[in-house]
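Residues per chain, in single letters:
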Amino acid sequence: MQVSSASAALVEPPFSLLRDASLFLDFDGTLVELAQRPDGVAVDEALHTLLQRLGERLDGRVAIVSGRSIAQIDDFLGRSLGRIAVVGSHGAEIRRAGGAIVRPERPAALETAEAAFTERFGNRPGVVIEVKSLGVAIHYRMAPEVEAEARALVEAFARHDGLEVQHGKMMAELRMAGHDKGTAIAALLEDAPFLGHAPIFVGDDLTDEPGFVLCARHGGAGILIGSPRDTAARFRIEDVWSLRRWLEAAA
């Protein structure tokens, strides 16, 4: 993966970047602030309105690209997704606007891992086990002292049955191999309305890097949300609220 140095000055993107572009948006830490618990994020009315405006402004060339399942994204954003495609489970689930969800079967190995994670951490204060359609994650934001133990457990299961580790901000996840946010964006770019339009992907986490790389290869760019770090993104915006203001101006 090609990355730029964290010391390089990533500038704020120009509003013209969205002109005739396809826009791909991460959810947690990008459109909404991170929360102590995965179910604790807040979606305000302004975000629903913004997504609807973006879908209209870009003629449907907007997609949410998240590590959450599509079902979880629907719970948060469902009424504003009319013209918006959704990618879930780090690229393993794809739903084009108004279409059916395309996803593989959930591996039995994830059920085994879920039981083991729950047995180890289910009663541990501050640790949250998040079950997804095609993954299971251990969140330790409220119990940072278990980080090494949680990572070791996830990595032990990742050695079997075609599963892999996905590390993120204060969490470790076990998920299906063979998919990432970059592969999902590439799949969407093969068809209308995204076909032939430069992809722009906005995200904040290490899980978003494959999307940044893919967009650069297709003549687009990544936009990093948050503090400078090594990244394949070309631009940076300081935080969630600065991004929201930028998107409102660009829309």
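Above: the structure in question.
Please read these numbers as outputs of a predicted model, since none were measured by experiment.

Participant: Can you help me understand the environment of Gly168 in this one?
Facilitator: Within the secondary structure, Gly168 sits in strand E8 (residues 163-168). Overall, the relative accessible area of 11% leaves Gly168 in the buried class.

Participant: Whenever I open this one, the sheet that holds strand E1 (residues 22-25) confuses me. Can you help?
Facilitator: Backbone-to-backbone hydrogen bonds join strands into a sheet, with any given pair of strands oriented parallel or antiparallel. The eight strands are arranged E5-E4-E3-E2-E1-E10-E11-E12 in an open sheet whose pairing can be described as mixed. Each having just a single partner strand, strand E5 (101-102) and strand E12 (235-237) make up the two edges of the open sheet. Two strands pair when backbone bridges link them, and E1 and strand E10 (residues 199-203) are joined in this way by four bridges, in the parallel orientation. Bridge pairing in E10 places Leu23 opposite Ile200. Each of E10 and strand E11 (221-225) touches helix H6 (residues 209-217); the most contacted strand, E10, lies at about 160 degrees to it.

Participant: Mind showing me how you'd approach the nonpolar core here?
Facilitator: Within soluble globular proteins, side chains that are nonpolar tend to cluster in buried spots. With 34 residues, the main nonpolar core has Leu23, Leu25, Ile64 and Leu247 as its most contacted residues. Secondary-structure elements contributing two or more residues to this core are E1, helix H1 (45-57), strand E2 (62-65), helix H2 (70-77), E10, E11, E12 and helix H7 (240-250). Not counting chain neighbours up to four residues away, the residues in contact with Leu23 comprise Leu18, Leu54, Leu58, Arg61, Val62, Ala63, Ile200, Val202 and Leu247. The next biggest cluster of nonpolar side chains, apart from the first, holds 20 residues, and it includes Leu10, Phe24, Ala184 and Leu188.

Participant: Explain helix H4 (residues 147-157) here, please?
Facilitator: An α-helical turn contains 3.6 residues, so any two residues separated by three or four positions project in the same direction. The set of residues buried in H4 consists of Ala150, Leu153 and Val154. Taken down its axis, H4 places every buried residue within 95 degrees of arc, on the same side.

Participant: Just checking my understanding: could you explain the packing of aromatic side chains for this structure?
Facilitator: Here the distance between the centres and the angle between the planes together describe a pair of aromatic rings. Inspection of the entire model under this criterion finds five aromatic pairs. When the centroid spacing of 5.6 Å and the interplanar angle of 90 degrees are considered together, the rings of Phe117 and Phe157 count as edge-to-face. Here Phe117, found in helix H3 (residues 108-121), pairs with Phe157, found in helix H4; they are 40 residues apart in sequence, far enough to count as distant. With centroids separated by 5.5 Å and ring planes inclined at 50 degrees, the aromatic side chains of Phe201 and Phe212 adopt a geometry described as tilted. With a gap of 11 residues between them, Phe201 in strand E10 and Phe212 in helix H6 connect regions that are remote in the sequence. Grouping residues by exposure puts Phe201 and Phe212 together as buried.

Participant: Would you mind showing me how to read the packing of H1 against H7 here?
Facilitator: When two helices pack together, their arrangement is given by the angle between the helix axes and the distance between those axes. Put simply, H1 and H7 touch, their axes get as near as 10 Å, and they point 40 degrees apart. In terms of axis orientation, H1 runs oblique to H7. In this structure, H1 crosses over H7, and the sense of that crossing is left-handed. In this structure, H1 contributes Ala46, Leu47, Leu50, Arg53, Leu54 and Arg57 to the contact, and H7 contributes Arg244, Leu247, Glu248 and Ala250. The residue inventory of the contact of H1 with H7, partitioned by class, reads six nonpolar, no polar and four charged.

Participant: Looking at this structure, how should I read the packing of helix H5 (residues 181-188) against H6?
Facilitator: Interaxial distance between H5 and H6 falls to 6 Å at its minimum, and their mutual angle equals 40 degrees. Compared by their axis directions, H5 and H6 come out oblique. Residues Lys181, Gly182, Ile185 and Ala186 of H5 form the contact with H6, whose participating residues are Pro210, Gly211, Leu214 and Cys215. Here the contact of H5 with H6 is composed, by residue class, of five nonpolar, two polar and one charged.

Participant: Just checking my understanding: could you explain the pairing of E10 for this structure?
Facilitator: Put simply, side chains in a regular strand alternate between the two faces of the sheet. The element E10 is largely enclosed, with a buried count of five among its five residues. Two strands pair when backbone bridges link them, and E10 and E11 are joined in this way by four bridges, in the parallel orientation. Looking across to E11, one finds that Ile200 is bridged to Ala221. What joins E10 to E11 is H6, and the crossover it makes is right-handed.

Procedures and definitions
- Residues numbered from 1 in each chain as written.
- Predicted model: local features only at pLDDT ≥ 70, side-chain atom pairs only at ≥ 80, totals over all residues.
- Heavy atoms only, no water.
- Helix = DSSP H or I, 4+ residues; strand = E, 2+ residues; numbered from the N terminus.
- Buried < 20%, exposed > 50% of the residue type's maximum accessible area, 1.4 Å probe, protein only.
- Pairing = 2+ DSSP bridges.
- Contact = heavy atoms within 4.5 Å.
- Axes fitted to C-alpha atoms, helices over the stretch in contact; angles between N-to-C directions.
- Core = buried A, V, L, I, M, F, W, Y, C linked by side-chain atoms within 4.5 Å.
- Arc of directions from axis to C-beta.
- Phe/Tyr/Trp six-rings, centres within 6.5 Å; stacked < 30°, edge-to-face > 60°.
- Parallel < 35°, antiparallel > 145°, perpendicular 65-115°, else oblique.
- Left-handed = near helix turned anticlockwise from the far one by under 90°.
- Nonpolar A, V, L, I, M, F, W, Y, C, P; charged D, E, K, R; others polar.
- Right-handed = clockwise from strand over helix to strand, strands pointing away.

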